[in-house]
Amino acid sequence: MFKVKYYFDESTLTFKRVRLVKKQKIKRIISFLFVTGITAIFINILLSNYFTTPKLSKLTNNRTELIIKYESLQDKISNVNNALKDKQLNDDFIYRTIFELEPISSTVRLAGFGGSYRYTELEGFDHSEIMIETNKQIDAITNQLVVQSKSFDVVIDYAKNKELMLACIPAIQPVAIKDFDRISDYFGQRSDPFNNQPTMHYGMDFTGPEGSDVFVTGDGAVVEAGHSLFGYGNRITIDHGFGYKTVYAHLQEIDVVIGQKIKRGDVIGKLGNTGRSTGNHLHYEVRLYDKPIDPINFYFNDITAEEYDQMILALSKRRIPMD
């Protein structure tokens, strides 16, 4: 490992071999290893920065290609997401509107997956962030597609049952025009006739002769028929399906029973003055998914355009604006 060295012995006039003590040998070995290590590190740095191997070059190219593919995938995900949003808007404001269905709330459409963390296996890599974010976006789109698919299933069912639905939706006045004197109250804020306090009126009141026929406004089944303890007096509630119900209150008499199937135009009772009432009238409500809505939007079949205009004009004069 080391060159053999000699020295000239003047006393014997001969060359003798230089022999190192143990401490000197150890010192030389350590020095040799130190120099060799520093040299190896230097060469490694030099090769890493200024030279490359075919294997390293291939790995570098693969990493660059992977990044480019993920960036391209991000663009495709963005395009898919935009297309999905267009479908969601069409669903909420065209398809569901046609069948008077409530739009799907953003909280439902954007609901997460929940549960344990799903992306642990993608951590610890050079580009974990972009891989995790891409998988999150794909999972979010997948979830929204599931919600949208279920929504389309509902719309398709409504479309298939359109004829049945049209027969069930409330579409006539509950009292014949010849039998009522006037519409005494409309849907909206009004002054309570008993205490003069502002209150919400959830239906329309048809004033007319006691005993006048009350007609069901759409096909359905009777789910309530009897005296109410909440001021409605004698009340009938009809379930029309498709989320619709109608309520007929303050009746003089009830001519149907719970569970009875009825058709639009059937007589279900007589106009009266029972319950919390100040005179002969029918209180009529339309509810969609148990939420009261304005009945004025459901008179399709039995009033003329002039009569409808009179009704709208009267409504605009009588309704109290809500804050």
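The structure displayed is predicted, hence computed values, not measured ones. (Residues numbered from 1 in each chain as written. Predicted model: local features only at pLDDT ≥ 70, side-chain atom pairs only at ≥ 80, totals over all residues. Heavy atoms only, no water.)

**Quick notes on the overall build of the protein chain**
To keep it simple, the criterion reads: Only DSSP runs of H or I with at least four residues qualify as helices, and only runs of E with at least two residues qualify as strands; both kinds are numbered from the N terminus onward. Whether a residue is buried, partly exposed or exposed follows from its accessible area with a 1.4 Å probe, protein chains only, as a fraction of its type maximum: under 20%, in between, or over 50%, in that order. Whether two residues are in contact is decided by their heavy atoms, any of which lying within 4.5 Å being enough.
When helices and strands are tallied, the protein chain shows six helices and 15 strands. Taken across its 323 residues, the protein chain has 33% of its residues classed as buried. A sequence separation of at least 24 residues applies to 63% of the contacts in the protein chain between residues at least 6 apart.

**Observations concerning the sheet that holds strand S7 (residues 213-215)**
Where we set the bar: Pairing between two strands is assigned when DSSP locates at least 2 bridges connecting them. Simply put, an axis is a line fit to the C-alpha atoms, just over the touching stretch for a helix, and the angle between two N-to-C directions goes from 0 to 180 degrees.
Read across the open sheet, the three strands follow the order S7-S13-S11; overall the sheet is antiparallel. Since the sheet does not close on itself, it has two edges, and those belong to S7 and strand S11 (251-254), each with one partner. On average, each strand axis in the sheet is tilted by 35° relative to the strand beside it, whichever way the strands run. Pairing of S7 with strand S13 (residues 267-271) involves three bridges; the strand directions are antiparallel. In the sheet register, Phe215 faces S13, and the bridge partner there is Val267.

**Notes on the pairing of strand S9 (residues 233-241)**
Each regular strand shows side chains that alternate between the opposite faces of the sheet. Of all nine residues making up S9, seven are buried, and the element is well covered by its neighbours. Here strand S8 (residues 220-228) runs beside S9; their pairing, made up of seven bridges, is antiparallel. Bridging across to S9, Ser228 finds its partner in Gly233. Bridge analysis of S9 against strand S10 (residues 244-249) gives five bridges, and the strand direction is antiparallel. Opposite Ile236, over in S10, you have Tyr248 as the bridge partner. Taking the residues that link successive antiparallel strands as the turn, the S9-S10 hairpin has two residues, and the phi of Phe242 there is positive, at about 55°.

**Focus: the pattern of salt bridges**
Rules: Between Lys or Arg on one side and Asp or Glu on the other, a salt bridge is scored when a side-chain nitrogen of the former is within 4 Å of a carboxyl oxygen of the latter.
Tallying each qualifying case throughout the model produces seven salt bridges. We note a salt bridge from Lys270 to Asp213, for which the minimum N-O separation is 2.3 Å. Placement of the pair is Lys270 in strand S13 and Asp213 in strand S7, with a sequence separation of 57 residues. Owing to a relative accessible area of 25%, Asp213 belongs among the partly exposed residues under this scheme. For Glu224, the salt bridge goes to Arg235, with nearest N and O atoms at 3.4 Å. Note that Glu224 is positioned in strand S8 and Arg235 in strand S9, a separation of eleven residues in sequence. On the accessibility criterion, Glu224 (33% relative accessible area) is partly exposed. Beyond isolated ion pairs, a larger network of salt bridges with shared partners links Asp91, Asp92 and Arg109.

**Considerations on the confidence of the model for the protein chain**
Caution applies to low-pLDDT regions: their predicted coordinates should not be interpreted in detail. Threshold: Every residue gets a pLDDT, meaning the predictor's confidence in that residue, from 0 to 100.
Residues of the protein chain with pLDDT of at least 70 account for 85%, and the chain-wide mean is 81. Across the protein chain, element-level confidence peaks in S10 with a mean pLDDT of 96 and bottoms out in helix H6 (residues 305-318) with 57. Predicted confidence is poor over residues 319-323, with pLDDT under 50, and the contacts of this stretch with residues over four places away or in other chains come to seven contacts.

**Overview of the nonpolar core**
Going by this rule: Nine residue types can take part in a nonpolar core, namely buried Ala, Val, Leu, Ile, Met, Phe, Trp, Tyr and Cys, and a core is a set of them joined through side-chain atoms within 4.5 Å.
Counting residues in each nonpolar core, the largest one holds 33 residues, and the members touching the most others are Phe206, Ile236, Tyr248, Ile268 and Leu282. The set of elements that each furnish at least two residues to this core consists of helix H4 (128-160), helix H5 (162-168), strand S6 (204-207), S9, S10, S13 and strand S14 (281-288). Among the elements that line this core, the one with the most residues is S14, at four residues. With near-sequence residues (within four places) excluded, Leu282 lies in contact with Pro174, Val175, Met204, Asp205, Phe206, Val214, Tyr248, Ala249, Leu251 and Leu271.

**Considerations on a nonpolar patch on the surface**
Cut-off, in case you're wondering: Patches here are clusters of residues that have more than 30% relative accessible area and form no salt bridge, with a 9 Å joining cutoff for like charges and a 5 Å cutoff for nonpolar side chains (Val, Leu, Ile, Met, Phe, Trp, Tyr). The Shrake-Rupley method, run with a 1.4 Å probe sphere, supplies the accessible areas, and residue values consider only the shown protein chains as cover.
Residues Val4, Tyr6, Phe8, Leu13 and Phe15 make up a contiguous nonpolar surface patch of roughly 590 Å² in combined accessible area. With respect to the helices and strands, Phe8 occurs in strand S1 (residues 6-9).

**A look at the environment of Asp9**
By the element assignment, Asp9 lies in strand S1. Setting aside anything within four residues of it in sequence, one finds Asp9 in contact with Thr14 and Lys16.

**Focus on the side chain of Ser212**
Heads up, the rule is: Polar contact criterion, stated in full: a pair of N or O atoms within 3.5 Å, where within protein one must be able to donate a hydrogen and the other to accept it, and residues adjacent in sequence count only if both atoms are side-chain atoms.
Topologically, Ser212 is positioned in the loop between S6 and S7. The buried category is assigned to Ser212, whose relative accessible area is 8%. Of the polar contacts made by the side chain of Ser212, one reaches the backbone oxygen of Pro209; its length is 2.8 Å.

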